[in-house]
Amino acid sequence: MATTAHDKGEEGTRRDFIFVAATAAAAVGAGVAVWPFVNSMNPSRDVLAEATLEVDLAPIEEGQRITVMWRKKPVFIDHRSAKRIAEAQNVDLGELKDPQADADRVQKPEWLVMVGICTHLGCIPQGQRVGERQGDYDGWFCPCHGSHYDTSGRIRKGPAPSNLEVPPYAFISDTTIQLG
Amino acid sequence: MAGGPARQYNNRLVRWIEYRLPIFSAVEATIGRDMPTPKNLNYWWSLGSVLFLALIIQIATGIFLAMHYIPNGAMAFDSVEHIMRNVNHGWLLRYVHANGASLFFAAAYIHILRGMYYGSYKAPRELLWIIGVVILVIMMATAFMGYVLPWGQMSFWAATVITNLFSAIPWVGSEITTWLWGGFAVDSPTLQRFFSLHYLLPFVIFGVSLLHVWALHVHGPTNPMGISARSKQDTVPYHPYYTSKYMSVIGLALIILAFFVFYEPLFLSHADNFIAANPLQTPPNIVPEWYFLPFYAILRSVPDKLGGVILFGASIAILFLLPWLDTSRVRSARFRPTYRYFFWIFVLDVIVLGWVGAQHPEGTPLLIGRLATIYYFAHFIIILPFVGWFERPRPLPESISKPVLKSGAAATEAAE
């Protein structure tokens, strides 16, 4: 800042004040001007509008796994058998990387609903279709970087940091759920 | 880039322009008669010209491809096939563009290794080196976004995996990925912004490369001996000596490019990219283009998500620190008996990482990848500082011309 002849004491001059105030105003103005550009890259209204989906569970047999698309993401719905429910429930939480009880991940034990996207780098884990690798824990296996998920969709082995995400959903009747 | 002695031009139009905008003398002082250049530059110094050529080829073919391409998730894949089948010479433009990217990276990597062997990054050329690394980073972003545009399976899943790297950022990761995607997954909005940026960034590269050339011409290029040019005897004018030398290399680069374009246009591509993008089906093995394989191997060798992303970024960012990690004051590896071997081990290590990057991340390749990753960083953080400290360099010659002439000193005297 320019030192002028008026500048004698420790305190700044009026000119200094104007200089700081103008710079601050310009900085705030620049920030405000940038925001619309940045925000234009966020999801648009039509994308946000496709946010809910109803799924009829009645035709899904026990032991069957189906995939539905919700918000352009695959959602895995698993009609779990009693054996798999028991496997999911009888796990010592201490040995989990992302400890979470099976009861906290399902609303009804026979229906497991989760976003079918590996929490590592976004691949679709295998295990939905008959004959695909289900990993070492009877759940899902991600082929990209080798993450294993168990019958509750919890990460057991591999680089993924957390369990498969459970989306917000509600039973709107005994055999129908609404996602989102 | 200005400067140099005032030149008298005979052509009146040239004189008229030169008086108002001294562009002719500026060019001559950069790549012409008025640019004194060390006379011992070998062919490894020619890659800058090849890189400039590659950038021009990419921009030229890209502009014409963009006239036919449709950046929309529903139409992109078909529009690329339209370019291949219906557009006049569309196949040629696309194959030159796709293989031109490989030429660009091959030349860039050789250019960088040249700099590492001959210590081109050392004072006073640190900023020149840093600008070069900035160009490399922009090049990588451009190439990645360009690879997404055909919207095949590899395109889609490469976009998914790479944008998900940002989800490893603590707290705001998922907000950032949603913002990058413009949705809740990779989709049309993502494709359209990638197209926009893919068109923009080459021009940014062009601008930054002008800064690179500007910085280069402040102290001039290094040379295989790594000592500064002292007298007129050590230099020759850039034109015609190096223009002609580099033209021959440009010819060779074009022959190699033409070989791939006309005989093996798909040699470097993946069969999965002939399948249209399917968000429900991940290909069995996601593999990036060859020029990203070493970095991809580093990403996959870390068993932790955030850790992998950090090392992935660090593997490139560490190049920024190279001028300060190398403690030796001798530039050229010719006079560094120990560093010389470590340089070639480093090259081998990067090749091993490239091989690992193409394998399934399990068993032996995973183990080799981890060891090679450790060595990659050890080269920069441990080997370079220590070798510079204990290595005893060979004596440097007094001047560039001395070892060439039988008796450099005598020749100087005779000239005087």
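For the structure, see preceding data.
Reference entry: report on the structure contained in this document. The structure presented is a predicted model; accordingly, all values stated were derived computationally and were not measured.

1. With respect to the overall build of chain B
Item 1. A tally of regular secondary structure across chain B gives 15 helices and two strands.
Item 2. Relative to a compact globule of 416 residues, whose C-alpha radius of gyration would be 22 Å, chain B shows 24 Å and is just as compact.
Item 3. Principal axes of the C-alpha set define a box for chain B whose edges measure 80 × 60 × 45 Å.
Item 4. Taking contacts inside chain B between residues at least 6 apart in sequence as the whole, the part at least 24 apart equals 79%.
Item 5. Put simply, chain B shows about 20,600 Å² of open surface, and 71% of that area lies on carbon and sulfur atoms.

2. Considerations on the environment of M154(B)
All names here are of chain B.
Item 1. With respect to the helices and strands, the residue M154 is situated in helix α7 (residues 153-164).
Item 2. M154 sits in the buried class, given a relative accessible area of 2%.
Item 3. Between the C-alpha atoms of M154 and A276, which are 122 residues apart in sequence, the distance is 9.0 Å.
Item 4. Discounting residues that sit within four places of it in the chain, M154 has contacts with Y147, H270, D272, N273, N285, I286 and V287.

3. Re the pattern of salt bridges
All names here are of chain A.
Item 1. Tallying each qualifying case throughout the model produces 16 salt bridges over all chains.
Item 2. Taking the shortest distance from any N to any O, the salt bridge between R156 and E95 comes out at 3.0 Å. Of the two residues, R156 sits in strand β7 (residues 155-157) while E95 sits in the loop between α3 (82-89) and β4 (111-115), which places them 61 residues apart along the sequence.
Item 3. With relative accessibility at 18%, the residue R156 sits in the buried group.

4. So, the packing of helix α3 (residues 47-66) of chain B against helix α5 (residues 90-117) of chain B
The relative placement of two packed helices is expressed as an angle between their axes plus a distance between the axes.
All names here are of chain B.
Item 1. Contact geometry for α3 and α5: axes closest at 9 Å, N-to-C directions at 155 degrees. Overall, the two elements α3 and α5 adopt an arrangement that is roughly antiparallel. Where α3 crosses over α5, the two elements pack in a sense that is left-handed.
Item 2. Broken down by class, the residue content of the contact of α3 with α5 amounts to 16 nonpolar, eight polar and one charged.

5. A word on the pairing of strand β6 (residues 147-150) of chain A
All names here are of chain A.
Item 1. Covered by surrounding structure in β6 are S147 and Y149 together with H148 and D150, the residues of both alternating faces.
Item 2. As paired elements, strand β5 (residues 138-142) and β6 share four bridges and run antiparallel to each other. Among the inter-strand pairings, D138 is bridged to a residue of β6, identified as D150.
Item 3. Here β5 folds back onto β6 in antiparallel fashion, the turn holding four residues, of which G146 has a positive phi close to 75 degrees.
Item 4. Strand direction decides the pairing type here: β6 and β7, joined by two bridges, are antiparallel. Opposite H148, over in β7, you have K157 as the bridge partner.
Item 5. Count of turn residues in the β6/β7 antiparallel hairpin: four residues, of which G153 carries a positive phi of about 75 degrees.

6. Remarks on the side chain of T190(B)
Item 1. Of note, T190(B) is situated in helix α9 (residues 188-219).
Item 2. Ignoring any residue separated from it by four or fewer positions in sequence, one finds T190(B) in contact with L180(B), W181(B) and A185(B).

7. Some remarks on the packing of aromatic side chains
Item 1. Taken as a whole, this structure holds 35 aromatic pairs over all chains when the rule is applied.
Item 2. Summarising the aromatic geometry, the rings of F105(B) and Y109(B) are spaced 5.8 Å apart at their centres and angled 55 degrees between planes, so their arrangement reads as tilted. With F105(B) and Y109(B) both in helix α5 and four residues apart, this pair spans about one turn of that helix.
Item 3. Seen from their ring centres, F105(B) and F292(B) are 5.8 Å apart, and the 70 degrees between their planes marks the pair as edge-to-face. Of this pair, F105(B) sits in helix α5 while F292(B) sits in the loop between α10 (238-263) and α11 (293-301), and the two are 187 residues apart along the sequence.
Item 4. F105(B) sits in the buried class, given a relative accessible area of 2%.
Item 5. An aromatic cluster of three or more residues is present, and its members are W45(B), Y117(B), Y118(B), Y339(B), F343(B) and W344(B).
Item 6. If you follow R65(A) out to its NZ or CZ, it ends over the ring of W140(A), 3.9 Å from the centre.
Item 7. Against the face of F171(A) rests K108(A), its NZ or CZ located 4.2 Å from the ring centre.

Definitions and limits used
- Residues numbered from 1 in each chain as written.
- Chains lettered and ligands numbered in written order.
- Predicted model: local features only at pLDDT ≥ 70, side-chain atom pairs only at ≥ 80, totals over all residues.
- Heavy atoms only, no water.
- Helix = DSSP H or I, 4+ residues; strand = E, 2+ residues; numbered from the N terminus.
- Rg over C-alpha atoms; globule rule 2.2 N^0.38 Å.
- Contact = heavy atoms within 4.5 Å.
- Areas by Shrake-Rupley, 256 points an atom, 1.4 Å probe, with all protein chains shown as cover.
- Buried < 20%, exposed > 50% of the residue type's maximum accessible area, 1.4 Å probe, protein only.
- Salt bridge = Lys/Arg side-chain N within 4 Å of Asp/Glu carboxyl O.
- Axes fitted to C-alpha atoms, helices over the stretch in contact; angles between N-to-C directions.
- Parallel < 35°, antiparallel > 145°, perpendicular 65-115°, else oblique.
- Left-handed = near helix turned anticlockwise from the far one by under 90°.
- Nonpolar A, V, L, I, M, F, W, Y, C, P; charged D, E, K, R; others polar.
- Pairing = 2+ DSSP bridges.
- Phe/Tyr/Trp six-rings, centres within 6.5 Å; stacked < 30°, edge-to-face > 60°.
- Lys NZ or Arg CZ within 6 Å of the ring centre and 35° of its normal.

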